[in-house]
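# A closer look at the structure
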Amino acid sequence: MTLVSIKNLTRVFDVSKPWLNRVIERLPKRMLTAVSDVSFDIEERSVYALVGESGSGKSTIGKMVVGLLKPTEGTVEIDGTDLMKASGSEIDRIRSDIQMIFQDPFASLNPRWKVRNIITEPVAARGGDTKGLAEKLLEQVGLSAQDAGKFPHEFSGGQRQRICVARALASEPRLIVCDEPTSALDVSVQAQVLNLMSDLRDEFGLTYLFISHDLTVVQHMADRIGVLYLGRLVEEATPDELFSNPQHPYTKMLIEAAPKMDGYGREVTPPQGEIPDPINPPTGCAYHPRCPIAIARCSAERPPLATKGKGRVACFRAGEMT
Ligand SMILES: Nc1ncnc2c1ncn2[C@@H]1O[C@H](COP(=O)(O)OP(=O)(O)OP(=O)(O)O)[C@@H](O)[C@H]1O
Ligand SMILES: [Mg+2]
């Protein structure tokens, strides 16, 4: 069953200078398209990973999925209901079905609150029963019940991210959007938190939208991976297909640039070329200036995201590099 259905999602930001400066300096408005015509589905109880370099639009998509940001165009449907068209009571229900975990576990916990209050606040705000809830959740995320009486500064980074996970679980969500939840952590701690999240998914039947700039982080966890480039989906496939047979030259470059979790003695090719300016994106395929196999057509025409095998790819020369 499809839990999340994203259709033609687009978000444009007005990044113009303040009005008065613009008028005096006779500058036009500057519009930045952060997300452009992105469509994908997330099956219930699966993990969908979005990957891409900095600025590719990952967080913007995540925020639209949880309703923190309004789409300029397109829709996000949760269980068949359009987030932006839902009525009052539907919105409350959908909101509690979706939780978000952010990259920085330091910034997202109120330093003046005890862990018990941090975890139970979303439930208390809805008038739910919070007795013993924090203690139970702390144990479920691998901390101890006594930790409920402590403050955030008494914990390490990995432990704080566990507290964030506990807080997200408190609302008994169906979908958790994780925006780089482990990228601020040491590699060994990262793996522990990822394992925890996998276990919780099995235990509670959760669905994840997992955002990361690092393909290796999502390789073992995701059921499907969507690769973003400058706000557009350029490839989508299962991790096995993506790693064994990447179709888009950008995906191939990302894989070659990714350090291997298990590996040493393998040379890593750093990402080649610069990310273009999203306010003035290249014509045709936005990747063409960096692409080693681009042809004339690639700068003239944008390749559509087309079904190929069990995945999708937007490239006129898909598969020709492997
Ligand atoms: N509120 C905003 N106002 C203006 N521009 C924004 C805003 N939020 C994001 N952007 C721009 O939109 C683009 C996509 O940003 P986004 O944060 O979604 O990227 P990201 O893939 O999450 O990057 P990172 O890996 O650095 O977190 C960037 O060019 C960014 O500068
Ligand atoms: Mg981001």
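Residues numbered from 1 in each chain as written. Chains lettered and ligands numbered in written order. Predicted model: local features only at pLDDT ≥ 70, side-chain atom pairs only at ≥ 80, totals over all residues. Heavy atoms only, no water.

What describes a pair of aromatic rings is the distance from one ring centre to the other and the angle between the planes of the rings. Following the criterion strictly, the structure yields four aromatic pairs and no others. Grouped by ring-pair contacts, the aromatic residues Tyr229, Tyr250 and Tyr287 constitute a single cluster. Above the ring of Phe316, the side-chain terminus of Arg297 is found at 3.8 Å from the ring centroid. (Phe/Tyr/Trp six-rings, centres within 6.5 Å; stacked < 30°, edge-to-face > 60°. Lys NZ or Arg CZ within 6 Å of the ring centre and 35° of its normal.)

Time to look at the pairing of strand E6 (residues 98–101). Here E6 shows two buried faces, one formed by Ile98 and Met100 and the other by Gln99 and Ile101. Here four bridges tie E6 to strand E7 (residues 175–179), and the two strands are oriented parallel to one another. Bridge assignment links Ile101 to a residue of E7, and that residue is Cys178. (Buried < 20%, exposed > 50% of the residue type's maximum accessible area, 1.4 Å probe, protein only. Helix = DSSP H or I, 4+ residues; strand = E, 2+ residues; numbered from the N terminus. Pairing = 2+ DSSP bridges.)

Our next topic: the side chain of His248. When you line up the elements, His248 lands in the loop between helix H9 (239–244) and helix H10 (249–257). A residue is classified by how much of its surface remains accessible, and His248, at 1% relative accessible area, is buried. In terms of polar contacts, His248 uses its side chain to reach the backbone amide nitrogen of Tyr250, at 3.0 Å. Only 3.1 Å separates the side chain of His248 from the backbone oxygen of Ala314, close enough to count as a polar contact. In contact with His248, not counting residues within four places along its chain, are Val234, Glu235, Tyr287, Val313, Ala314 and Cys315. (Polar contact = N/O pair within 3.5 Å; in protein donor to acceptor, adjacent residues only side chain to side chain. Contact = heavy atoms within 4.5 Å.)

Once that is clear, we can look at the sheet that holds strand E2 (residues 31–43). Spatially, the four strands line up as an open sheet ordered E2-E1-E4-E5, and their pairing is antiparallel. The open sheet is flanked by E2 and strand E5 (81–82), the only strands paired with a single partner. In the sheet, strand E4 (residues 73–78) pairs with E5 via two bridges, with the strands oriented antiparallel. Residue pairing in the sheet places Ile78 in a bridge with Thr81 of E5. Relative to the sheet, helix H2 (residues 58–66) contacts strand E1 (2–14), E2 and E4, its axis offset from that of E1 by approximately 120°. (Axes fitted to C-alpha atoms, helices over the stretch in contact; angles between N-to-C directions.)

Turning our attention to the domain arrangement of the protein chain. When its domains are assigned, the protein chain resolves into domain 1 (2–229) and domain 2 (234–258 + 276–322). In this complex, domain 1 contributes 21 residues to the contact, which on the side of domain 2 involves 22 residues. Summed over both partners, the interface of domain 1 with domain 2 comes to about 1900 Å²; 60% of that surface belongs to carbon and sulfur atoms. When the buried area of domain 1 at its contact with domain 2 is split by residue, Arg224, Val227 and Tyr229 rank highest and sum to 39% of it. Between the two partners, domain 1 and domain 2, sit two salt bridges. Residues Arg290 and Glu53 are paired through a salt bridge, measuring 3.0 Å at the closest nitrogen-oxygen approach. (Domains from an automatic or database assignment. Buried area = accessible area lost by both parts, 1.4 Å probe. Salt bridge = Lys/Arg side-chain N within 4 Å of Asp/Glu carboxyl O.)

Turning our eyes to something else, we now look at the site of ligand 1. Around ligand 1, a shell composed of 14 residues is seen, among which Ser54, Gly55, Lys58, Ser59 and Thr60 lie nearest. Between ligand 1 and Gly55, the relevant distance is 2.8 Å, taken from an oxygen atom to a main-chain nitrogen or oxygen of the residue. Here Thr60 contributes a side-chain N or O atom positioned 2.5 Å from an oxygen atom of ligand 1. Protein contact buries 64% of the 630 Å² of open area that ligand 1 shows by itself. Going through the elements one at a time, E2 and H2 are the ones with two or more residues in the shell around ligand 1. With three residues, H2 is the single largest residue contributor to the shell around ligand 1. (Near = heavy atom within 4 Å. Areas by Shrake-Rupley, 256 points an atom, 1.4 Å probe, with all protein chains shown as cover.)

On to the sheet that holds strand E9 (residues 224–229). Spatially, E6-E7-E8-E3-E9-E10-E12-E11 is the arrangement adopted by the eight strands of the open sheet, whose pairing is mixed. Both outer strands of the open sheet, E6 and strand E11 (306–308), are each paired with one neighbouring strand and no more. Neighbouring strand axes in the sheet, compared pairwise and without regard to direction, differ in orientation by 25° on average. Both strand E3 (residues 47–51) and strand E8 (residues 207–212) contribute to a ladder of five bridges, which runs parallel. Paired with Ala49 across the two strands is Phe210, which belongs to E8. H2 rests against E3, E6, E7, E8 and E9 of the sheet, and its axis sits at about 150° to E6. Contacting E3, E7 and E8, helix H7 (residues 187–204) runs over the sheet at an angle of about 160° to E8.

Relative to the elements of secondary structure, Ser108 occurs in the loop between E6 and helix H4 (115–125). If sequence neighbours within four positions are ignored, Ser108 has contacts with Cys164 and Arg167.

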